Amino acid sequence: VDGAERALLSAASAGIRHVDFHPGIERDGVARVLASQGRSGFFLTTKIRGFNGDASDLVAAATTARRQIKEDLSALGVTSVDMLLLRDSPSCQVMQAQWTVLEDALASGQTRAIGVVNYCERALRCLAETWKVAPAVNYIMLHVGMGPDAHGLRSFGESL
């Protein structure tokens, strides 16, 4: 039993059902728990890895995201997750290409919602240029020490 598996079993026994994991070792631990306890009742959130290839190769960027979704669903033994999150990229076009893949995953029922991780205003504006579906969530760090509107993201999000 690895750390992810042990943590999920402990959380589940305490009634916690939201599972937020990264691809790889964490995903594999989650998969073992789902295999033993079933999918029912868990809210599964995963993140698309950042694209490390040539930023001008948008087909490769989209293919990488599509491949990861397929691998994650297969490894977990499920047909869908509850939320897919996209990490940002220095390239606006890469983010747009990968966001289109997430929109396709939403339309095909591979996920119930799509969102982004730590997007700043510039990255959100980039996505807004081409999105058909706006992110359901911008998963950001926020705490009382950051003030009521850290980085202006809350007010910007409300303005969309």
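Residues numbered from 1 in each chain as written. Predicted model: local features only at pLDDT ≥ 70, side-chain atom pairs only at ≥ 80, totals over all residues. Heavy atoms only, no water.

1. Describing the overall build of the protein chain
Here's step 1: Broken down by element type, the protein chain carries 6 helices and 5 strands.
Here's step 2: Scanning the protein chain from its N terminus toward the C terminus, one meets helices and strands in the order α-β-α-β-α-β-α-β-α-β-α.
Here's step 3: Relative to the compact-globule value of 15 Å for 160 residues, the protein chain shows a C-alpha radius of gyration of 16 Å, a close match.
Here's step 4: In terms of its C-alpha atoms, the protein chain occupies a principal-axis envelope of roughly 45 × 40 × 25 Å.
Here's step 5: Looking at the 160 residues of the protein chain, the share that counts as buried comes to 41%.
Here's step 6: Here the analysis covers contacts within the protein chain between residues at least 6 apart in sequence; of these, 65% occur between residues at least 24 apart. (Helix = DSSP H or I, 4+ residues; strand = E, 2+ residues; numbered from the N terminus. Rg over C-alpha atoms; globule rule 2.2 N^0.38 Å. Buried < 20%, exposed > 50% of the residue type's maximum accessible area, 1.4 Å probe, protein only. Contact = heavy atoms within 4.5 Å.)

2. Some words on helix α3 (residues 58-76)
Here's step 1: Between the first and last C-alpha of α3 there are 27 Å, a value that for 19 residues agrees with the 27 Å anticipated at 1.5 Å per step.
Here's step 2: Those residues of α3 that fall on the buried side of the exposure criterion are Ala 61, Ala 62, Ala 65, Gln 68, Ile 69, Asp 72, Leu 73 and Leu 76. Along the long axis of α3, the arc covered by the buried residues comes to 125 degrees, so they all point the same way. Residues of α3 that are exposed and angled more than 90 degrees away from the buried face: Val 59, Lys 70 and Ser 74.
Here's step 3: Tucked into the core, α3 has its buried residues touching β1 (18-21), α2 (25-37), β2 (43-48), β3 (81-87) and α4 (92-107). (Expected span 1.5 Å × (residues − 1). Arc of directions from axis to C-beta.)

3. As for the pairing of strand β4 (residues 111-117)
Here's step 1: With 6 of 7 residues buried, β4 is to be regarded as a mostly interior element.
Here's step 2: Viewed along the sheet, the connection from β3 through α4 into β4 turns out right-handed.
Here's step 3: Regarding the hand of the β-α-β motif, the stretch spanning β4, helix α5 (residues 121-128) and strand β5 (residues 138-139) is right-handed. (Right-handed = clockwise from strand over helix to strand, strands pointing away.)

4. A look at the side chain of Thr 46
Here's step 1: For Thr 46, the position within the fold is in strand β2.
Here's step 2: By relative accessible area, which is 0% here, Thr 46 ends up buried.

5. Brief notes about the packing of α2 against α3
Here's step 1: Packing of α2 against α3 brings their axes to within 8 Å, and their N-to-C directions diverge by 40 degrees. As judged from the angle between their axes, α2 and α3 are oblique. From α2, Arg 27, Val 30, Ala 31 and Leu 34 reach across to α3, where they touch Glu 71, Asp 72, Ala 75 and Leu 76.
Here's step 2: Broken down by class, the residue content of the contact of α2 with α3 amounts to 5 nonpolar, no polar and 3 charged. (Axes fitted to C-alpha atoms, helices over the stretch in contact; angles between N-to-C directions. Parallel < 35°, antiparallel > 145°, perpendicular 65-115°, else oblique. Nonpolar A, V, L, I, M, F, W, Y, C, P; charged D, E, K, R; others polar.)

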